[in-house]
Number of protein chains: 2
Amino acid sequence: MYVVIVYDVNVEYVNKVRIFLKQYLNWVQNSVFEGELTEAEYNKVMNHLEKIIDKANGHVLCYISRDKRYLKIDEIGIRKAEINNFL
Amino acid sequence: MYVVIVYDVNVEYVNKVRIFLKQYLNWVQNSVFEGELTEAEYNKVMNHLEKIIDKANGHVLCYISRDKRYLKIDEIGIRKAEINNFL
């Protein structure tokens, strides 16, 4: 399955979330990761995110397509290079 | 078609993008809008975004599903109320 994760978490959680998601998905924009996951991996990611973010103040949205082919992706502008210093 | 738009634009463009997207889509998270658009509306949105953002520094990603049914949406945490003061 193809997964897009966008998050809005307090600044003290940002690095933790980035470092974690980078193990499973590709960074595509500030606070946006996407990539192919198995269902088991997806459950693992979600369970871990539940633990590491402050659910009262943070918010994570996941868009899941059964297959990447069913998701058209358009973009405007230039992708920024990933800020590796943060990771 | 169901559209999710995430953007990362310089602070001076943020309000312009928000105010514009709010006319067509629902705000769901900081820098994330989603909703149902016709193809004509989608083209209008993309053409206008091309004009109003600084493409050298801003980046917009659009995920398009032919139908919302093909897109599973999960979330963790609480959606923040939209900051209407910004709009």
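Above this text you will find the structure in question.
Quantities reported herein were computed from a predicted structural model and do not represent experimental measurements.

Engineer: Help me understand the state of the cysteines, please; the structure alone is not making it clear to me.
Structural biologist: A covalent bond bridging the sulfur atoms of two cysteines is what the word disulfide describes. Tallied over the entire structure, the rule returns zero disulfides over all chains. Not part of a disulfide, Cys62 of chain A finds its nearest cysteine sulfur in Cys62 of chain B, a span of 19 Å. Under the relative-accessibility criterion, Cys62 of chain A is labelled buried at 0%.

Engineer: How should I be thinking about the packing of helix 1 (residues 11–22) of chain A against helix 2 (residues 39–52) of chain A in this particular structure?
Structural biologist: Two quantities define a packed helix pair, namely the angle between the helix axes and the distance between the axes. Residue and element names in this part refer to chain A. Put simply, helix 1 and helix 2 touch, their axes get as near as 11 Å, and they point 165° apart. As the angle between them shows, helix 1 and helix 2 are arranged roughly antiparallel. For the pair helix 1 and helix 2, the crossing hand works out as right-handed. Here Tyr13, Lys16, Val17, Phe20 and Leu21 of helix 1 come into contact with helix 2, specifically with Lys44, Val45, His48, Leu49 and Ile52.

Engineer: How should the sheet that holds strand 1 (residues 2–8) of chain B be read in this particular structure?
Structural biologist: The strands making up a sheet associate through backbone hydrogen bonding, with each pair oriented either parallel or antiparallel. With respect to topology, five strands assemble into an open sheet ordered 5(A)-4(B)-1(B)-3(B)-2(B), the strand pairing being antiparallel. For this open sheet the edge positions go to strand 5 (71–77) of chain A together with strand 2 (26–29) of chain B, each flanked by a neighbour on one side alone. Taking each pair of neighbouring strands and ignoring which way they run, the sheet shows an average axis angle of 25°. With seven bridges connecting them, strand 5 of chain A and strand 4 (residues 59–65) of chain B associate as antiparallel partners. Along strand 4 of chain B, the bridge assignment pairs Glu75 of chain A with Leu61 of chain B. Across the sheet, helix 1 (residues 11–21) of chain B touches strand 1, strand 2 and strand 3 (32–36) of chain B, and the angle it forms with strand 1 of chain B is around 170°. Strand contacts of helix 2 (residues 39–52) of chain B: strand 5 of chain A together with strand 1, strand 3 and strand 4 of chain B, with the helix running at about 25° to strand 5 of chain A, the strand carrying the most contacts.

Engineer: Before we go on, may I ask you to explain helix 2 of chain B in this structure?
Structural biologist: Structural remark: α-helix, 3.6 residues per turn; residues separated by three or four positions point the same way. In a regular helix each residue adds 1.5 Å, so 14 residues correspond to 20 Å; helix 2 of chain B covers 20 Å between its end C-alpha atoms and thus fits that length. Taken together, the buried positions of helix 2 of chain B are Tyr42, Val45, Met46, Leu49 and Ile52 of chain B. Projected down its long axis, helix 2 of chain B carries its buried residues within an arc of 135°, all on one side. Residues of helix 2 of chain B that are exposed and point more than 90 degrees away from the buried face comprise Glu39, Ala40, Lys44 and Lys51 of chain B. On its buried face, helix 2 of chain B is in contact with strand 5 of chain A together with strand 1, helix 1 and strand 4 of chain B.

Engineer: Quick question: what am I supposed to make of the interface of chain B and chain A here?
Structural biologist: Bring the parts together and some accessible area is lost; that lost area is often taken as the interface size. Between chain B and chain A, the contact holds 36 residues from the first and 35 residues from the second. With both sides pooled, the region where chain B packs onto chain A buries about 3,200 Å², and carbon together with sulfur makes up 57% of that total. When the buried area of chain B at its contact with chain A is split by residue, Gln29, Tyr63 and Ile76 of chain B rank highest and sum to 25% of it. Counting every contact that joins chain B to chain A gives two salt bridges. Put simply, Asp8 of chain A and Lys80 of chain B hold a salt bridge, and the shortest N to O gap is 3.1 Å. Scanning the region where chain B abuts chain A turns up 20 residue pairs in polar contact (both at pLDDT 80 or more). Elements with a minimum of two residues in the side of chain B that touches chain A: strand 1, strand 2, strand 3, helix 2, strand 4 and strand 5 (71–77) of chain B. Here the residues of the side of chain B that touches chain A sort into 20 nonpolar, seven polar and nine charged.

Parameters and conventions
- Residues numbered from 1 in each chain as written.
- Chains lettered and ligands numbered in written order.
- Predicted model: local features only at pLDDT ≥ 70, side-chain atom pairs only at ≥ 80, totals over all residues.
- Heavy atoms only, no water.
- Disulfide = S-S within 2.5 Å.
- Buried < 20%, exposed > 50% of the residue type's maximum accessible area, 1.4 Å probe, protein only.
- Axes fitted to C-alpha atoms, helices over the stretch in contact; angles between N-to-C directions.
- Helix = DSSP H or I, 4+ residues; strand = E, 2+ residues; numbered from the N terminus.
- Parallel < 35°, antiparallel > 145°, perpendicular 65-115°, else oblique.
- Left-handed = near helix turned anticlockwise from the far one by under 90°.
- Contact = heavy atoms within 4.5 Å.
- Pairing = 2+ DSSP bridges.
- Expected span 1.5 Å × (residues − 1).
- Arc of directions from axis to C-beta.
- Buried area = accessible area lost by both parts, 1.4 Å probe.
- Salt bridge = Lys/Arg side-chain N within 4 Å of Asp/Glu carboxyl O.
- Polar contact = N/O pair within 3.5 Å; in protein donor to acceptor, adjacent residues only side chain to side chain.
- Nonpolar A, V, L, I, M, F, W, Y, C, P; charged D, E, K, R; others polar.

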